[in-house]
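Notes for the structure review
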Amino acid sequence: MLADAATPGADPRAVILRAADGAVALRLSAMPLTEAARVRCGGQPSRAPATAVFLNVPGRTGRVCPSVAIELYGLTRTQARLAAALADGATLQEAAGTLGIGLGTARTHLKAVFQ
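All of the points below concern the structure found in this document. (Residues numbered from 1 in each chain as written. Predicted model: local features only at pLDDT ≥ 70, side-chain atom pairs only at ≥ 80, totals over all residues. Heavy atoms only, no water.)

**Section: the overall build of the protein**
From N to C terminus, the protein includes six helices and three strands. Counting helices and strands in the order they occur from the N terminus, the protein gives α-β-β-α-β-α-α-α-α. Here the protein holds 115 residues, and 20% of them are scored as buried. Considering only contacts within the protein whose residues lie at least 6 apart along the sequence, 38% involve residues at least 24 apart. Entry remark: accessible area of the protein is about 7,800 Å², with carbon and sulfur atoms responsible for 57%. (Helix = DSSP H or I, 4+ residues; strand = E, 2+ residues; numbered from the N terminus. Buried < 20%, exposed > 50% of the residue type's maximum accessible area, 1.4 Å probe, protein only. Contact = heavy atoms within 4.5 Å. Areas by Shrake-Rupley, 256 points an atom, 1.4 Å probe, with all protein chains shown as cover.)

In structure tokens form, the structure reads like this:
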């Protein structure tokens, strides 16, 4: 799974691990990192494949710190705050309201987050 996810242009991969009772115990997701993303995260420019791996335990939420997103991903303050609100479970409309921006502006910021 990780080797497949490291292939440039690959779709994100996910694996669900279940507890003995069948409940979802852990979700592991992997996605390829671009060269630019590796450099922003402190790595050296390289053509070698790299993968970001995320673990999620259902029912447990972690807070996303906007200042970390700014540092790691080069986001603006508003982009980072929007991404953090969405990661915390807000809808785009709720996050826009909290940030005091319009829905169209929120969409524009969200698009920039994913570029």
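**Quick notes on the nonpolar core**
Ranked by size, the top nonpolar core spans seven residues in total: Leu82, Ala85, Leu92, Ala95, Ala96, Leu99 and Ala106. Within the residue set of this core, elements represented by two or more residues are α4 (77-87) and α5 (92-99). When residues of this core are assigned to their parent elements, the largest contribution, four residues, is made by α5. With near-sequence residues (within four places) excluded, leucine 82 lies in contact with Leu92, Ala95, Leu99, Ala106, His109 and Leu110. (Core = buried A, V, L, I, M, F, W, Y, C linked by side-chain atoms within 4.5 Å.)

**Here we look at the side chain of glutamine 79**
With respect to the helices, strands and loops of the structure, glutamine 79 is situated in helix α4. Within the structure, glutamine 79 has its side chain in polar contact with the backbone nitrogen of threonine 76 (distance 2.9 Å). Excluding anything up to four places from it in sequence, glutamine 79 contacts His109, Ala112 and Val113. (Polar contact = N/O pair within 3.5 Å; in protein donor to acceptor, adjacent residues only side chain to side chain.)

**Concerning the environment of leucine 26**
Take leucine 26: it is sitting in strand β2 (residues 24-32). Not counting residues within four places of it along the chain, the set of residues in contact with leucine 26 comprises Val15, Ile16, Leu17, Leu55, Asn56, Val57 and Pro58.

**Notes on the packing of α4 against α5**
Their axes nearest at 9 Å, the elements α4 and α5 cross at an angle of 135°. As far as their axial angle goes, α5 and α4 are oblique. When you trace α4 past α5, the crossing you get is right-handed. Listed contacts from α5 to Thr78, Arg81, Leu82, Ala85 and Leu86 of α4 are Leu92, Ala95 and Leu99. For the contact of α4 with α5, the per-class residue count stands at six nonpolar, one polar and one charged. (Axes fitted to C-alpha atoms, helices over the stretch in contact; angles between N-to-C directions. Parallel < 35°, antiparallel > 145°, perpendicular 65-115°, else oblique. Left-handed = near helix turned anticlockwise from the far one by under 90°. Nonpolar A, V, L, I, M, F, W, Y, C, P; charged D, E, K, R; others polar.)

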